[in-house]
Every structure is written in structure tokens, then in C-alpha cells.
Amino acid sequence: MPILQSSTYKAPFMFSSGHLQSVYPSLFRKIDSSFYSRERITTPDEDFLDIDLSRQGNKKLAIISHGLEGSSHRAYVAGMVKAFNTRNWDVLAWNFRSCSGEPNLQFKIYHNGDTDDLNTVVMHALTNYDYDEIALIGFSMGGNITLSYLGKHADSLSSKISGSVVFSVPCHLASSSMELAKPRNKIYMVRFLKMLYKKVKQKEKQFPERISSEGYSNIKNFYDFDNRYTAPIHGFKDAEDYWEKCSSIKFIKDIKIPTLIVNAANDPFLPDECYPVEETRNHKHVNLEIPRSGGHVGFITFDASGEYWSEKRAVSFISSINT
């Protein structure tokens, strides 16, 4: 078990299970996301990214990156959007390639180390909108991408980017992938592989000479999938090479803005290696918080506000940076 770091989060009665915390919001939390306005931006490689905006004329902008096979309309994203809107922030929730409801144009899709697309979104916001302050929020894969981006771009980051909060981050991709391959996590693995199969079929239709879904039923875990698809499609030698090069734990040391990592101790996706205790122990800018409970992108709270603890925590941390 990781070393517990102080946290204010306490799970509701009968919701202490990491699995229940992970599954319940996905199944039962409903948040209307019709408030978005959509824009499409062009990437340097002549593809597109769909971004969804919730703008109220504020001077601060939060940019949210979702998780694997998520989108801007997932409840955990929409909940965070509403929480920031309530505190006088505009929000941009971007969709990874092929996650906005329409297949992307290029052969590549998205992966854990794709910081270029996040940079495209950030530069679009800096160039086309007039905000005094920008915060970056990330969930799971989106959190890994965000941390990697902040480390890689530490010396060139715009001064308008004030801070970041990330939740449920698989900082060490190899160990997280192996954890999800365990029998106790089969429910998640099966679901992810079914969703990813649809992406493979889309790409097969677009590029029949370059990708095939034949034998997909033999893929049982992320090692199989990443070795066959993610790595070769995106220029990595194999799954291990992809995991090693794209794990955000190696970039944390370089981050130079206030950043909060929140990984629950009972997250079923995360083994000990995904809790960067040593990397953050004496870090000037990065804080690690490990609540005893919370599951994976869970952190359920039942109160009159309708907000989850993670949403309140993110806004609280970002708001504290300039006070």
C-alpha cells in the first residue's frame, strides 16, 4: 500500500469499496451537458479536435482532459465543468481524437503520451481567447497526459497557466496495465477492450490496408492491445516501449507550476508504483494527496450541492494558488 497522505475526503456510508466508488458514478450519476458550445480546431497534422466550451464571460479558463474512452460529456467531466462555472471560471473540455462522436481523419488516434494534442488545445486557447489565467485538470489518462505535458513544457509554459489538478492517474503505465489484467479487474478490462474494438473497426474501415480487426478476440489485456495496435500505430517499438516512454512519473520532477495529484489508496486501477511518493516528497511545486477511499475517478459525495468531493477539491486548490 502507498504511504497515505493527508486528505479531507471521507466516503459516504457503505461506499468505502474502491470498486463501488469506481462503478457507481459511471452507472448512476447523470449530469446534463447541453450547456456546451462546440468548436473544431485543426491540428498541425491536418486532423481535427473537437472542443466543448462552457463560457460565461469570465476571465479565467479551466481546460479539462478526460480519461481513456471518455469524452467531454462524461459525468465526471460535466460535474467538474459545473463546479468551475459556479466559481466564475469558463471551461474548455476537449475530446481526444475519435472521442467526440466522429472518427478522426488520420491513422493515429490518441494515447497516454500524446501531449502534442493537449498543446494544440492550450495554444488555441492562448491565441484565440482573452483569459488572464488558465488551469489544467485531468482524469486518469488525461491526468497522465497533463503531468507529462507540464514536465515536457516546463521551460516554455505560458505564464498564464497557473496550476493543475489531476485525479486517478496511472503514473506508471506498465504496472497499471498489469494491475488491470488481474482477474479481480476483469469487469473493467472487458469493458475497455469492447470500447477500443469499436475504434479498431473504425480505423479498419478508413485504412483497410494498414489495420485489421481479425483475431481481436485473442486480445485479453492492455499488453495485447498496446503491443498490436497502440505501439506500432504511434511509432513505439512495442507495449513496453510505449509504457516506459509515456509514463508521467518520469516527468513529475520537471514540473514548475503548482500541481496536485490525487490518487485514492483503494483505486482498483493503481498498484503501488502509481503513487509517486518519492517523486513528490521534496518537490517545490507538486503535491500528492492519497485519500483512503475514492476508487477510480470516484470521490462520491452526497450533499445538497450535487458536487463530488473531487470537484470541490480541484476548485479549492486552484483558487488557493494566488491567495
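Look up: the structure comes first, before these words.
Residues numbered from 1 in each chain as written. Predicted model: local features only at pLDDT ≥ 70, side-chain atom pairs only at ≥ 80, totals over all residues. Heavy atoms only, no water.

**Some remarks on the overall build of the chain**
Scanning the chain from N- to C-terminus turns up 10 helices and 8 strands. Taken over C-alpha atoms, the radius of gyration comes to 19 Å for the chain, in line with the 20 Å a tight globule of 323 residues would show. The principal-axis extents of the C-alpha atoms in the chain amount to approximately 55 × 45 × 40 Å. Sorting the 323 residues of the chain into buried and exposed places 59% on the buried side. Pairs at least 24 apart in sequence give 76% of the contacts found in the chain among residues at least 6 apart. With an accessible surface of roughly 14,000 Å², the chain has 52% of that area assigned to carbon and sulfur atoms. (Helix = DSSP H or I, 4+ residues; strand = E, 2+ residues; numbered from the N terminus. Rg over C-alpha atoms; globule rule 2.2 N^0.38 Å. Buried < 20%, exposed > 50% of the residue type's maximum accessible area, 1.4 Å probe, protein only. Contact = heavy atoms within 4.5 Å. Areas by Shrake-Rupley, 256 points an atom, 1.4 Å probe, with all protein chains shown as cover.)

**Observations concerning the pairing of strand S4 (residues 90-94)**
The two faces of a sheet get side chains in turn, since along a regular strand they alternate between them. Most of S4 is tucked away, with 5 of its 5 residues classed as buried. Along S4, one buried face is formed by Asp90, Leu92 and Trp94 and the opposite face, lined by Val91 and Ala93, is buried too. Direction of pairing for strand S2 (residues 48-54) relative to S4: antiparallel, over a ladder of 4 bridges. Across the sheet, residue Ile51 finds its bridge partner in S4, namely Trp94. (Pairing = 2+ DSSP bridges.)

**Structural notes on the nonpolar core**
General note: in soluble globular proteins, nonpolar side chains tend to be found buried as a group. Among the nonpolar cores identified, the biggest contains 61 residues, and Ile63, Leu92 and Trp94 are the most heavily contacted of them. Residue contributions to this core peak at 6 residues, all from helix H6 (residues 186-206). Setting aside chain neighbours within four positions, we find Leu92 in contact with Ile51, Asp52, Leu53, Leu61, Ala62, Ile63, Ile64, Val121 and Tyr129. By size, the runner-up hydrophobic cluster in this structure holds 31 residues, among which are Phe15, Val262, Trp309 and Val315. (Core = buried A, V, L, I, M, F, W, Y, C linked by side-chain atoms within 4.5 Å.)

**Observations concerning the layout of surface pockets**
One number sums up the size of the second largest pocket: a volume of about 200 Å³. Every residue lining the second largest pocket is counted, 13 residues in all, and those nearest its centre are Met189, Val190, Leu193, Ile219 and Lys220. In terms of residues, the lining of the second largest pocket owes the most to one element, H6, which gives 5 residues. (1 Å grid on protein atoms, 1.4 Å probe; cavity = no way out; pocket = protein on both sides within 12 Å on 5 of 7 lines; lining within 4 Å. Points joined across faces, edges and corners; volume = space filled by probe spheres on them.)

**Examining empty space enclosed by the protein**
Applying the stated criterion to the full structure yields 1 cavity of 30 Å³ or more. Within this model, the largest cavity holds a volume of roughly 30 Å³. Trp94, Phe96, Arg97, Tyr110, His111, Asp114, Asp117 and Ile145 are the residues that line the largest cavity.

**Considering helix H8 (residues 239-246)**
Within the sequence span of H8, burial applies to Ala239, Asp241, Tyr242, Trp243 and Cys246. Looking at the buried residues of H8, the elements they touch are helix H4 (141-152), helix H5 (173-180) and helix H7 (222-233).

**So, the sheet that holds S2**
Taken in spatial order, the 8 strands line up as S1-S2-S4-S3-S5-S6-S7-S8 in an open sheet, and their pairing is mixed. The open sheet has two free edges, formed respectively by strand S1 (37-42) and strand S8 (286-289), since each of these has just one partner strand. Here the average twist between neighbouring strands, direction ignored, is 20°. Direction of pairing for strand S3 (residues 60-65) relative to strand S5 (residues 133-139): parallel, over a ladder of 6 bridges. Following the sheet pairing, Leu61 is matched in S5 by Ile134. (Axes fitted to C-alpha atoms, helices over the stretch in contact; angles between N-to-C directions.)

**Describing the packing of aromatic side chains**
Counted according to the given criterion, the structure contains 25 aromatic pairs. Between the aromatic rings of Tyr24 and Phe28, the centroid separation amounts to 5.1 Å while the plane-to-plane angle is 40°, which identifies the pairing as tilted. Of this pair, Tyr24 and Phe28 both sit in helix H1 (residues 18-28), 4 residues apart, which is roughly one turn of the helix. Phe28 sits in the exposed class, given a relative accessible area of 54%. Centre to centre, the rings of Phe299 and Trp309 are 5.5 Å apart; their planes meet at 40°, and the pair counts as tilted. Of the two residues, Phe299 is situated in the loop between S8 and helix H10 (309-320) and Trp309 in helix H10; the sequence distance between them amounts to 10 residues. Per residue, the accessibility class of Phe299 equals that of Trp309, and both read buried. Among the aromatic residues, those joined into a cluster by ring pairs are Tyr9, Tyr76, Phe139, Phe167, Phe299 and Trp309. Seen from the ring of Tyr308, Arg29 lies directly overhead, with NZ or CZ sitting 3.7 Å from the centre. When the ring centre of Phe207 is taken as reference, the NZ or CZ atom of Arg210 above it lies at 5.9 Å. (Phe/Tyr/Trp six-rings, centres within 6.5 Å; stacked < 30°, edge-to-face > 60°. Lys NZ or Arg CZ within 6 Å of the ring centre and 35° of its normal.)

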